[in-house]
Amino acid sequence: MTEGVLDTTEGVGQAASRANALRAAAVVGFFLLVSAGTFAVDSRYLYFSAYLWFGFIYGASLQYGRFCMASAIRDLFAVGVPRMAVGIMIAVVLFSLVSAAVTVAGKSTFHASPIGLYSVVGGAIFGFGMVFTGGCATGSLYKTGEGSVSALLVVLSLSFAQALFVDIGGVLDVLVPASWTASAAAKSMPAELSATTGWYDQFLAGYIWDLKAITVGEALGFASPAAKAFIGNSLINAVLPAVVILVVIYAIWYRKGWLRKNKDAAPGPGREVAGWWSMVTASKRTAIAGLVLGVAAGLQMWVMQSLQQKFGIANAGELLQALGHTSGLSLQETVFDPGYFYVTTQEAQGAAWVLAQLGMNLTDNIFFGMENGIPSPLANPVLWMSFSVIGGSMVMALLANEFKLKMPTREIAVWAIGGGILMGVGSRIGMGCNIGAFFATVTNGDPSGWLFALGMTGGGWIGVKFFNWWIERKMAKEAPLGF
Amino acid sequence: MLDTIAWMFPALRRAGDDARAGAARAVDVPGHGTMVADRCVDLTGENCLRTNLVTKRALDAAAPGSVIEIVSDNLSSVETIPFMLAGHGCAHLGTLHLEGTWKIYARKQGADDGGSRK
């Protein structure tokens, strides 16, 4: 290696490990066996396998690119490195273009989220929490696949926090505005639900459901489906904002250093474009991962919609019934089935299923009882995707000799659990995490994703300031460091 | 009675031992041969934010011409740290991937770039 080399984690000295290659093959073999075995039982399990293999691709890409939205915010604010933020913007641009094509082809599974302040608040709580955990929702999944036990703690705490938060009542009911209660009561909800008690039920029925959801393409009134998808949803809501963000990042965090290294470059727009492009391509790993994620996320919508059409279903709940899995469905006989890359809700379902086995009744709330259901983890296709994100990451880490079982210190475990709880609460208030409420939304023309991103960035900034103060305080007590 | 704060955050009650700074020693840097690493900061087991912040502090505190060795098993940080170096007046000498950990070598620039010490 030479000075200034930017090929970083490739490193030198890693020996190829036959044992790790065999372990990786075993993980792939397990997923292949699951896919083939279930397909042999009934070909409609292909729907489950589609989620599984897209999750696998996501996990492998995330691990390869060390792709984490927590890092994007933290690295910018804490150490001034734009690597990850650049990777995310690349993925946003690619995902939005593929999504537009999928939408025009009539294969989109996307539904816009309501637009409201809740996205900023949820994003802020989520962003603040993820600074402490060391990973966003997807980051924690793929880091679990690398062997990080603290990431596993984040996943577990995030999952159980969501399951409990959507069912919580009692003292929190005091915080419910009367207008929410009145609006929820006016909606004639099924008798099985207690929609006028419980904070989250009234938040959904009395506030969220009254908000309007619309994509930019629809709002601008484009008559042509292609113009709506490519100009409104992709260009205006995703590509242009991503380019503007990259220009701002370049101007604030990258330009000065680039100009220092390229003193001889002639001043002018050409120099700025060269500097900007240098930033975009600086971390090839991250850029490649962003590219693969963006394309795969768009393709997943096309595949899931095609399978829904093939099997004549609109929701996996219908498929589960046909396959004999009748328990765990919602009152509408549906289950959570977004049809695209999504994290957090399926993990909440997994945690709720565990709590239900312990005797808790979580079906009297809107989130589980009416909307998402609580299917068993084995009959939850979207949860298969989360498991395979871990599996895909594990395979990639094993093949690169990067897998390592890491036990956390008590302090890191406390941060992981505490931050995971905040992420769980934030994701439920924000109606998703960095993937479902940001990545999948902004790329499909839904402006609510930018509101979530705004909150997540603000919360992350506050978290970084707090953590910086904490580290300074802690290091002051660490005499051996000497600096 | 259990001191819960000390149990959860031991460094608030006593000098911590989770970030270890070692003394100068000879190291073999890929592509550069044997040289003296003036400061070794072992951040094995730390999360990425702490790793990055402690590294930032170590880079700022390094003397011109000195070589710094950062040890980490946090992949995100190992990817990020080389991009931090230029902003703190350091050059990336190389990254060594050992079993389960990475060693990142950087030289603080200045003072006639005294990093030629071998």
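Residues numbered from 1 in each chain as written. Chains lettered and ligands numbered in written order. Predicted model: local features only at pLDDT ≥ 70, side-chain atom pairs only at ≥ 80, totals over all residues.

A. Local environment of the overall build of chain A. Along chain A, the regular secondary structure elements total 20 helices and 0 strands. What you see for chain A is a C-alpha radius of gyration of 23 Å, in line with the 23 Å of a compact globule of 483 residues. Taking the principal axes of the C-alpha coordinates as reference, chain A spans close to 70 × 55 × 55 Å. Across the 483 residues that make up chain A, the buried fraction comes to 58%. Within chain A, contacts between residues at least 6 apart in sequence are counted, and of these 79% link residues at least 24 apart. (Helix = DSSP H or I, 4+ residues; strand = E, 2+ residues; numbered from the N terminus. Rg over C-alpha atoms; globule rule 2.2 N^0.38 Å. Buried ≥ 20, exposed ≤ 12 C-beta atoms within 10 Å, placed from the backbone. Contact = placed C-beta atoms within 7 Å.)

B. Layout of the overall build of chain B. The helix and strand inventory of chain B stands at 3 helices and 7 strands. Tracing chain B from N to C terminus, the helices and strands come up as α-β-β-β-β-α-β-α-β-β. Considering only contacts within chain B whose residues lie at least 6 apart along the sequence, 58% involve residues at least 24 apart.

C. Here's a closer look at the nonpolar core. All names here are of chain A. Judged by nonpolar contacts, the single largest core of 186 residues is most densely connected at Met-89, Val-92, Val-93 and Ile-435. Per-element tally for this core: the top contributor is helix α4 (residues 83–104), with 15 residues. Filtering out sequence-adjacent residues up to four positions away, Val-92 remains in contact with Ala-238, Ala-242, Phe-439, Val-442 and Thr-443. (Core = buried A, V, L, I, M, F, W, Y, C linked by C-beta atoms within 7 Å.)

D. Quick look at the packing of helix α7 (residues 149–165) of chain A against helix α18 (residues 410–429) of chain A. Residue and element names in this part refer to chain A. Taken N-terminus to C-terminus, the directions of α7 and α18 make an angle of 40°; their axes are 7 Å apart at the nearest point. Relative to α18, the element α7 lies oblique. For the element pair α7 and α18, the recorded crossing hand is right-handed. Of the residues in α18, those in contact with Ser-150, Leu-153, Val-154, Ser-157, Leu-158, Ser-159, Ala-161, Gln-162 and Phe-165 of α7 are Ile-412, Ala-413, Ala-416, Ile-417, Gly-419, Gly-420, Ile-421, Met-423, Gly-424, Val-425, Ser-427 and Arg-428. Of the residues in the contact of α7 with α18, the class split is 12 nonpolar, 8 polar and 1 charged. (Axes fitted to C-alpha atoms, helices over the stretch in contact; angles between N-to-C directions. Parallel < 35°, antiparallel > 145°, perpendicular 65-115°, else oblique. Left-handed = near helix turned anticlockwise from the far one by under 90°. Nonpolar A, V, L, I, M, F, W, Y, C, P; charged D, E, K, R; others polar.)

E. How the structure looks around the confidence of the model for chain A. With 95% of its residues at a pLDDT of 70 or more, chain A has an overall mean of 91. Long-range and interchain partners of residues 1–7 of chain A, a stretch whose pLDDT sits below 50, account for 14 contacts in this model, where long-range means more than four residues apart. (pLDDT = per-residue confidence, 0-100.)

F. Region of the structure containing the environment of Tyr-118 of chain A. All names here are of chain A. Relative to the elements of secondary structure, Tyr-118 occurs in helix α5 (residues 118–133). C-alpha of Tyr-118 to C-alpha of Leu-158: the two residues are 40 residues apart in sequence and 19 Å apart in space. In this structure Tyr-118 touches Ile-208, Ile-429 and Gly-430, once residues within four positions along its chain are discounted.

G. Quick peek at the confidence of the model for chain B. This prediction gives chain B a mean pLDDT of 80; 74% of its residues lie at or above 70. Scoring of the predicted complex yields 0.89 for pTM and 0.81 for ipTM.

H. Inspection of helix α13 (residues 284–311) of chain A at higher detail. A rise of 1.5 Å per residue sets the reference length of α13 of chain A, with its 28 residues, at 40 Å; its end C-alpha atoms lie 40 Å apart and thus fit the reference within 8%. Gly-312 of chain A occupies a position one or two residues after α13 of chain A and carries a positive phi of about 65°. (Expected span 1.5 Å × (residues − 1).)

I. A look at the pairing of strand β5 (residues 67–72) of chain B. All names here are of chain B. Judged by how many residues are buried, β5 sits mostly within the fold: 5 of 6 residues are covered. Traced from strand β4 (residues 39–42) through helix α2 (residues 48–61) to β5, the parallel crossover comes out right-handed. Sheet analysis places β5 next to strand β7 (residues 102–108), joined by 6 bridges and oriented antiparallel. Paired with Val-71 across the two strands is Lys-103, which belongs to β7. (Right-handed = clockwise from strand over helix to strand, strands pointing away. Pairing = 2+ DSSP bridges.)

J. A look at the environment of Gly-391 of chain A. All names here are of chain A. Within the secondary structure, Gly-391 sits in helix α17 (residues 381–399). C-alpha separation for the pair Gly-391 and Ile-57, spaced 334 residues apart in sequence, amounts to 9.5 Å. Excluding residues that lie within four positions of it along the chain, Gly-391 makes contacts with Val-27, Phe-31, Phe-56, Gly-59 and Gly-145.

K. Expanded view of helix α11 (residues 225–261) of chain A. The terminal C-alpha atoms of α11 of chain A, which comprises 37 residues, lie only 46 Å apart, well short of the 54 Å expected from a rise of 1.5 Å per residue. Along its length, α11 of chain A shows its largest kink, about 60°, at Tyr-254 of chain A. (Bend = angle between axes of the 7 residues up to and from the residue.)

L. Representation of the packing of helix α3 (residues 69–79) of chain A against α4 of chain A in the model. All names here are of chain A. Running from N to C, α3 and α4 cross one another at 135°; their axes reach a closest spacing of 7 Å. Looking at the two axes, α3 sits oblique to α4. Between α3 and α4 the crossing geometry is left-handed. For the pair formed by α3 and α4, the contact residues are Met-69, Ser-71, Ala-72, Asp-75 and Leu-76 on the first element and Arg-83, Met-84, Ala-85 and Ile-88 on the second. Across the contact of α3 with α4, the residue classes tally to 6 nonpolar, 1 polar and 2 charged.

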